[in-house]
Structure formats: C-alpha cells, structure tokens
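Descriptive structure summary
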Amino acid sequence: MDLGLKNRNALVCGSTQGIGKASAIQLAEEGANVTLVARNEKKLKDVLTELPNNNQNHSYIVANFSNPLELSEKLKESALNYHILVNNTGGPAGGPVFDAKLEEFENAFTQHLKCNHILAQTVVPFMKSEAYGRIINIISTSVKQPLDGLGVSNTIRGAVANWSKTLANELGEFAITVNNVLPGATATERLNEILQNKARKTNKPIEEVAENMKNASPAKRFAQPEEVANAVVFLASEKASFINGINVPVD
C-alpha cells in the first residue's frame with residue numbers, strides 16, 4: 001500500500017528509543033523527511049544514522065520537554081515546516097495517586113500537555129496552508145481504564161486524550177486529523193521500569209511479574225515498538241484521511 005508519505009515532513013518526539021524511534025524509522029522508510037526530537041544529542045545522532053535515507057532530509061532538534069517555551073523557540077529555528085507531528089514523551093514515575101506531590105502533576109502536565117500544545121500551535125499554520133496535517137499522540141491504554149500504581153500518569157493521559165479530541169473537532173475542516181495511539185504493554189525501557197517497580201512492591205521475581213503481565217494479553221507476549229509504530233505511520237498517511245478524533249489501542 002502506498003501511504004503517500006514521500007516528501008512529507010515529520011516531527012517525531014521522544015525518538016531516541018522505543019516507540020518514538022520505531023515510528024521515526026518507519027516514517028523514513030515510507031519516504032518522509034524526519035526530524036528527531038529528544039534531549040540527548042549523542043543518542044539523536046546515533047538514531048539519525050539508522051534512518052533509511054533515499055535523498056531525504058533528516059535532522060534532529062535537542063530539546064527538553066520540561067521547558068515548553070525553549071522547545072517552541074528551537075522548533076522555529078528548524079529549517080523545515082511539518083505535515084506530521086508525533087507527540088511522544090516518557091511517562092511520569094509510578095505510585096498511588098493519593099501520595100502524589102503537586103509538583104508531580106505540574107511536571108507531567110508541562111511535559112505532556114503543554115509541550116503537545118506548543119508543538120501543535122507551531123506546526124498547524126503550515127498544515128493549514130498545505131491542506132494536510134496529521135497530529136498523533138502516543139498515550140496509553142490507561143485512557144480506557146486507569147492502571148494500578150500509575151496515578152499521575154493515568155490523570156495526565158486522560159487530559160491529553162481530551163485535549164486531542166477537542167483539537168480534532170477544531171481542525172478537521174482544514175484536512176488536519178488528530179488521533180491518539182494507546183499502546184498496551186510494549187517492550188520498552190518504560191515497561192522495564194514498571195516491571196521493576198511492581199516486582200519491588202510485590203516482593204515477586206521480575207520474571208513472574210512479566211509473565212503475569214504477558215498473560216493478560218491474548219497474544220501472551222509484549223508488543224514490540226515496531227507494532228505500535230505501524231499504527232502511528234498509518235494514521236500519518238493519506239489513507240487515514242477520514243479517521244479523526246479517535247483513540248486507537250494497540251493491545
């Protein structure tokens with residue numbers, strides 16, 4: 001299937017590992033020019049060398065998602081305008097929501113919702129001028145059902161999901177879609193952290209905790225980042241032009 005992504009410009013956040021990296025590689029495979037965004041320049045350079053390149057214009061931006069205004073300024077300095085935005089950043093630390101400190105909510109709100117909003121405001125004018133825009137937010141299945149022990153994450157993911165759906169209603173008439181991808185348990189560094197925390201709290205071997213989590217899935221295994229990226233890339237494509245304002249579980 002020709003997804004119509006050749007020569008489209010894609011901005012992929014959190015793209016030095018996991019789902020973000022897999023999405024960047026697959027978008028490049030489909031012919032898009034990919035700009036990677038993360039805070040570690042060495043890792044960004046490493047991933048840049050892994051992107052398929054058939055006379056494409058790949059680049060990277062070093063940015064910290066704890067500072068939305070700095071992120072906005074760095075984006076404005078970029079040589080490209082973007083048809084595709086993939087919002088993706090690491091989840092907040094685990095723990096019961098009742099025990100969470102106010103700054104944990106504030107930090108998560110800044111890194112997830114504020115940065116998503118700044119990025120969308122920056123790229124949408126060009127999307128409107130091109131009559132083509134795809135905003136894809138990588139969130140979590142906690143949007144459907146809160147996950148035990150991830151109180152702050154559950155709260156902030158719900159906020160991002162509703163922001164996204166509202167934005168979809170506002171931008172749909174300009175041929176811009178806004179959708180959420182909800183990964184289930186996926187083999188990433190984030191999952192390793194969750195497994196370690198759960199094993200420590202339950203005093204169980206990490207292998208047992210992992211096996212129990214795998215058994216909750218019909219496939220009896222964890223997803224691979226590339227399997228989630230498949231959904232991201234399809235939603236970024238021409239073929240997904242009438243899919244808008246939805247949550248897509250990859251689980």
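Please read all numbers here as calculations on a predicted model, not as lab measurements. (Residues numbered from 1 in each chain as written. Predicted model: local features only at pLDDT ≥ 70, side-chain atom pairs only at ≥ 80, totals over all residues. Heavy atoms only, no water.)

**Brief notes about the environment of Ala28**
Within the secondary structure, Ala28 sits in helix α1 (residues 18-29). For the pair Ala28 and Val233, spaced 205 residues apart in the sequence, the C-alpha separation amounts to 9.9 Å. Setting aside residues up to four positions removed in sequence, Ala28 forms contacts with Val34, Leu51, Pro52, Gln56 and His58. (Helix = DSSP H or I, 4+ residues; strand = E, 2+ residues; numbered from the N terminus. Contact = heavy atoms within 4.5 Å.)

**Concerning the sheet that holds strand β1 (residues 9-13)**
The seven strands lie next to each other as β3-β2-β1-β4-β5-β6-β7, forming an open sheet whose pairing is parallel. Every other strand in the sheet has two partners, leaving β3 (59-62) and β7 (247-250) as the edge strands with one partner each. Taking the axes of each pair of neighbouring strands and ignoring which way they run, one obtains an average angle of 20 degrees across the sheet. Direction of pairing for strand β6 (residues 176-183) relative to β7: parallel, over a ladder of four bridges. Note that in β7 the partner of Asn180 across the bridge is Asn247. Along the sheet, helix α2 (residues 41-50) makes contact with β2 (33-38) and β3, crossing β3 at roughly 165 degrees. (Pairing = 2+ DSSP bridges. Axes fitted to C-alpha atoms, helices over the stretch in contact; angles between N-to-C directions.)

**Focus: empty space enclosed by the protein**
As enumerated under the stated definition, the model contains one cavity of 30 Å³ or more in all. What lines the largest cavity is Asn87, Asn88, Thr89, His112, Asn116, Asn137, Ile138, Ile139, Arg157 and Val160. Put simply, the parts of the chain that give the lining of the largest cavity at least two residues each are α4 (102-130), β5 (133-138) and α5 (151-171). Of the residues in the lining of the largest cavity, the class split is three nonpolar, six polar and one charged. (1 Å grid on protein atoms, 1.4 Å probe; cavity = no way out; pocket = protein on both sides within 12 Å on 5 of 7 lines; lining within 4 Å. Points joined across faces, edges and corners; volume = space filled by probe spheres on them. Nonpolar A, V, L, I, M, F, W, Y, C, P; charged D, E, K, R; others polar.)

**Examining the side chain of Thr35**
Inspection of the secondary structure assignment puts Thr35 in strand β2. Engagement of the side chain of Thr35 in a polar contact is seen with the side chain of Tyr82, the distance being 3.0 Å. Residue contacts for Thr35: discarding those within four places in its chain leaves Ala10, Leu11, Val12, Ser59, Tyr60, Ile61, Leu80 and Tyr82. (Polar contact = N/O pair within 3.5 Å; in protein donor to acceptor, adjacent residues only side chain to side chain.)

**Side note on the side chain of Asn33**
Structurally, the position occupied by Asn33 is in strand β2. In this view, Asn33 contacts Asn7, Arg8, Asn9, Ala10, Gln56, Asn57 and His58; residues no more than four positions away in its chain are not counted.

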